Amino acid sequence: MRKLTYYIACSIDGFIGDEAGDASYMYPFVDEEFFEFLRAEYPETLPTHGRRSLGIDDLPNRKFDTIIQGRASYDVALKEGITSPYAHLREYVASRTLQESPDPHVEIIADDLVGRVRELKAGDGEFGIYLCGGSRLAGELLDEIDELVIKTYPVVQGSGMPMFGAAFAISEFALDDVRAFKNGVLVRTYSRKR
């Protein structure tokens, strides 16, 4: 069974962006040390066009071969004219409003999101599935998430878009690893208690 991993950046108080989802204030924390960690451990989580501009497009995938993202996350790339932001992965976009994919490499999941994710998890492959936000999507898929990789930036927002847009429910995870960086960023990895 392949793992679904919610790999997300957030503030200390658990927000992944402002009310509209903008998290650009987090970019300055990707300093040399932290970028080296991302490049070495999670290179496939960097968009294809970013990998190319950084000269790391040839790095092999380490953890994931598939990505699922919400419509708002996908729209960030579309506004830049990029129709396949993660061309080095199998791309899925969960959307009830996007009628047709603007790219043959990107599959739209309009109905039965949980069922489709379960199919992907049951499929063959040595790598997992990268859940790339947003908040509502993570809330809908909470019961399917096997692992959390939370990049916590040393800021407090006070309000904004929460990590999970879901109704109150307790889901237990076990802490597997914590890595601290000089710039104050923490990367915590959790596995679901089943």
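Further up the page is the structure itself.
Nothing here was measured: the structure is a model prediction, and the numbers come from that model.

Some thoughts on the overall build of the chain
So, step 1. Along the backbone of the chain there are five helices and 10 strands.
So, step 2. Against the compact-globule benchmark of 16 Å for 194 residues, the chain has a radius of gyration of 16 Å, which places it among compact chains.
So, step 3. The principal-axis extent of the C-alpha atoms belonging to the chain is close to 45 × 45 × 35 Å.
So, step 4. Here the chain holds 194 residues, and the buried ones make up 46% of them.
So, step 5. Across the chain, every contact between residues at least 6 apart in sequence was considered, and the portion connecting residues at least 24 apart equals 68%.
So, step 6. The averaged location of the 32 negative side-chain charges in the chain is 3 Å from the averaged location of its 22 positive side-chain charges.

A few points about the packing of aromatic side chains
So, step 1. Across all of its chains, the model carries 12 aromatic pairs by this definition.
So, step 2. Aromatic side chains F34 and F37 sit 6.0 Å apart centroid to centroid with 20° between the ring planes, which places their arrangement in the stacked category. Of this pair, F34 and F37 both sit in helix 1 (residues 32–41), three residues apart, roughly one helical turn. Accessibility classification places F34 together with F37 in one group, the buried group.
So, step 3. Among the aromatic residues, those joined into a ring-pair cluster are Y7, F29, F34, F37, Y42, F64, Y86, Y130, Y153 and F181.
So, step 4. Of note, K63 hangs over the ring of Y42, and the distance from its end group to the ring centre comes to 5.1 Å.

What about the pairing of strand 1 (residues 4–10)?
So, step 1. Across the seven residues of strand 1, seven count as buried, placing the element largely inside the fold.
So, step 2. Across the two faces of strand 1 the burial is the same, with L4, Y6, I8 and C10 and T5, Y7 and A9 all buried.
So, step 3. Summarising the sheet, strand 1 and strand 6 (residues 128–131) pair through three bridges and their orientation is parallel. Bridged to Y6 within strand 6 is L131.
So, step 4. Where strand 1 and strand 7 (residues 147–152) come together, six bridges link them in parallel fashion. Across the sheet, Y6 pairs through a bridge with L148, a residue of strand 7.

Thoughts on the environment of G128
So, step 1. Its place among the elements puts G128 in strand 6.
So, step 2. When the C-alpha atoms of G128 and K3 are compared, they prove to be 4.9 Å apart, with 125 residues separating the residues in sequence.
So, step 3. Discounting chain neighbours no more than four positions away, the residues touching G128 are R2, K3, K63, F64, D65 and T66.

Looking at the sheet that holds strand 5 (residues 106–109)
By definition, the strands of a sheet pair up through backbone hydrogen bonds, in either a parallel or an antiparallel sense.
So, step 1. A sheet is described by the order of its strands in space; here eight strands give the open sequence 5-4-3-6-1-7-10-9, paired in mixed fashion. On the outer flanks of this sheet lie strand 5 and strand 9 (173–180), each paired with one strand and no other. The mean inter-strand angle of the sheet, taken between neighbouring strand axes irrespective of direction, is 20°.
So, step 2. By the bridge criterion, four bridges tie strand 3 (residues 64–70) to strand 6 in an arrangement that is parallel. In the strand pairing of strand 6, T66 is matched with I129.
So, step 3. Its contacts with the sheet put helix 3 (residues 71–78) on strand 3, strand 4 (90–94) and strand 5, and the angle it makes with strand 3 is roughly 100°.

Thresholds, definitions, all that
- Residues numbered from 1 in each chain as written.
- Predicted model: local features only at pLDDT ≥ 70, side-chain atom pairs only at ≥ 80, totals over all residues.
- Heavy atoms only, no water.
- Helix = DSSP H or I, 4+ residues; strand = E, 2+ residues; numbered from the N terminus.
- Rg over C-alpha atoms; globule rule 2.2 N^0.38 Å.
- Buried < 20%, exposed > 50% of the residue type's maximum accessible area, 1.4 Å probe, protein only.
- Contact = heavy atoms within 4.5 Å.
- Lys, Arg positive; Asp, Glu negative; His and termini not counted.
- Charge placed at Lys NZ, Arg CZ, Asp CG, Glu CD.
- Phe/Tyr/Trp six-rings, centres within 6.5 Å; stacked < 30°, edge-to-face > 60°.
- Lys NZ or Arg CZ within 6 Å of the ring centre and 35° of its normal.
- Pairing = 2+ DSSP bridges.
- Axes fitted to C-alpha atoms, helices over the stretch in contact; angles between N-to-C directions.

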